[in-house]
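Remarks on the overall topology
What follows is each chain in one-letter form.
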Amino acid sequence: MDWEILLIGLAAGWTLDLLAGDPLWMPHPVVWMGKAIAFMERMLNHGLHRVAKGAVASVGLVAIAYVLCGAVLLLLAPWPWAETVFCTVMVFFCLAGTTLTREVGAVFDALDRSIDDGRRQVARIVGRDTASLSDQEVATAALETLAENLSDGVVAPLFWFAILGVPGMVAYKMVNTLDSMIGYRNDRFRSFGRVAARIDDVANWIPARLTAALIILAAGRPDLWRFVLRFGRCHASPNSGWPEAAMAGVLGCRFGGTHDYFGVAVYKPYIGIDSRPVGRIDAVRAIRVARRAEFMAVVLAGFTIVAISFIA
């Protein structure tokens, strides 16, 4: 695929995401990915050799996503306009910046109504149990998710799009969906989802650190890099702590702590020092920084595409 088509698809797809987000009425490839993962999990996640079965399912589904996308591009190769449309649509589907910021803003709107509304709203975007969260825990969970999913839902797809084109971006979305569905350390998924979780760790290693850098640059706070280096490792995930540390540094607050997942208390080290309350003003600032970081990531992806085309 020509670099001009990639650039047009990048710009057009990102613009569509800015304008529309993820319309609920529109069929979404991630939904289909989820159905495929659920089918494989039902078929294979039982009996012996669950780690091996999970590895076959995870690697196979990622490979299928990559190959299918590549096959579509080959079929469309005689018609550059069709390639451009397909590229645009897939960028639109794979970016989640607008939906993410809308959902985070909606959590604070819900908190203004009642704590129960806030709990229900934040449950849409976090994996932890939310039934007993305080208003501060709801607010902090939303801001943590904004930082983490800025990496998973925006920077990482753009990174893999710039490096491996549309098939790489789609394959990454399969990796991320696998981790979100079966990458848990509980009785059901600890073995079957082990390889999926490790693949996700590898796929997000560079994007997570790049996201942290973009956050502190978007906030005009390059002095926070030492803070990020100190607290970025304070997370069970090798990646999630980096963007969370950057956002905690920008806001001057603290993330982390013990939370319940599927009824089990999971301890997380604190990211940051200041345990001050957070509120709507922090959400507004965090969303503004996230949007700037997203724009910077799009520009960086565009420059990377051009650079790779000239090198190749």
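Further up the page is the structure itself.
This section reports on the structure supplied with the text. These numbers were taken from a predicted model, which means no experiment stands behind them.

As a further point, take the overall build of the protein chain. For the protein chain, the count of helices and strands is 12 helices and two strands. When the helices and strands of the protein chain are placed in sequence order, the string is α-α-α-α-α-α-α-α-α-α-α-β-β-α. Out of the 312 residues in the protein chain, the part that is buried amounts to 49%. Once local pairs closer than 6 in sequence are excluded, the contacts in the protein chain between residues at least 24 apart make up 70%. With the model as given, the accessible surface of the protein chain reaches about 14700 Å², and the carbon-plus-sulfur share is 67%. The distance from the centre of the 29 positive side-chain charges to the centre of the 27 negative ones in the protein chain is 4 Å.

Across its 16 residues, helix 2 (residues 29-44) extends 23 Å between first and last C-alpha, which sits within 8% of the 22 Å expected from 1.5 Å per residue. When we look at burial in helix 2, the residues that qualify are Pro29, Met33, Gly34, Ile37 and Glu41. Down the axis of helix 2, the buried set is contained in an arc of 140°. They therefore lie on one face. Exposed residues pointing more than 90 degrees away from the buried face of helix 2 are listed as Trp32, Lys35 and Arg42.

Our next topic: the packing of helix 5 (residues 97-113) against helix 12 (residues 280-311). Relative orientation and spacing of two packed helices are given, respectively, by the angle between their axes and the distance between those axes. Remark: helix 5 packs on helix 12, axes separated minimally by 11 Å, with the N-to-C direction vectors making an angle of 180°. Relative to helix 12, the element helix 5 lies roughly antiparallel. On the side of helix 5, the interface is formed by Gly97, Thr98, Thr101, Val104, Gly105, Phe108, Asp109 and Asp112, while helix 12 contributes Arg280, Ala283, Ile287, Arg291 and Glu294. When its residues are assigned to classes, the contact of helix 5 with helix 12 shows four nonpolar, four polar and five charged.

Rules behind the numbers
Residues numbered from 1 in each chain as written. Predicted model: local features only at pLDDT ≥ 70, side-chain atom pairs only at ≥ 80, totals over all residues. Heavy atoms only, no water. Helix = DSSP H or I, 4+ residues; strand = E, 2+ residues; numbered from the N terminus. Buried < 20%, exposed > 50% of the residue type's maximum accessible area, 1.4 Å probe, protein only. Contact = heavy atoms within 4.5 Å. Areas by Shrake-Rupley, 256 points an atom, 1.4 Å probe, with all protein chains shown as cover. Lys, Arg positive; Asp, Glu negative; His and termini not counted. Charge placed at Lys NZ, Arg CZ, Asp CG, Glu CD. Expected span 1.5 Å × (residues − 1). Arc of directions from axis to C-beta. Axes fitted to C-alpha atoms, helices over the stretch in contact; angles between N-to-C directions. Parallel < 35°, antiparallel > 145°, perpendicular 65-115°, else oblique. Nonpolar A, V, L, I, M, F, W, Y, C, P; charged D, E, K, R; others polar.

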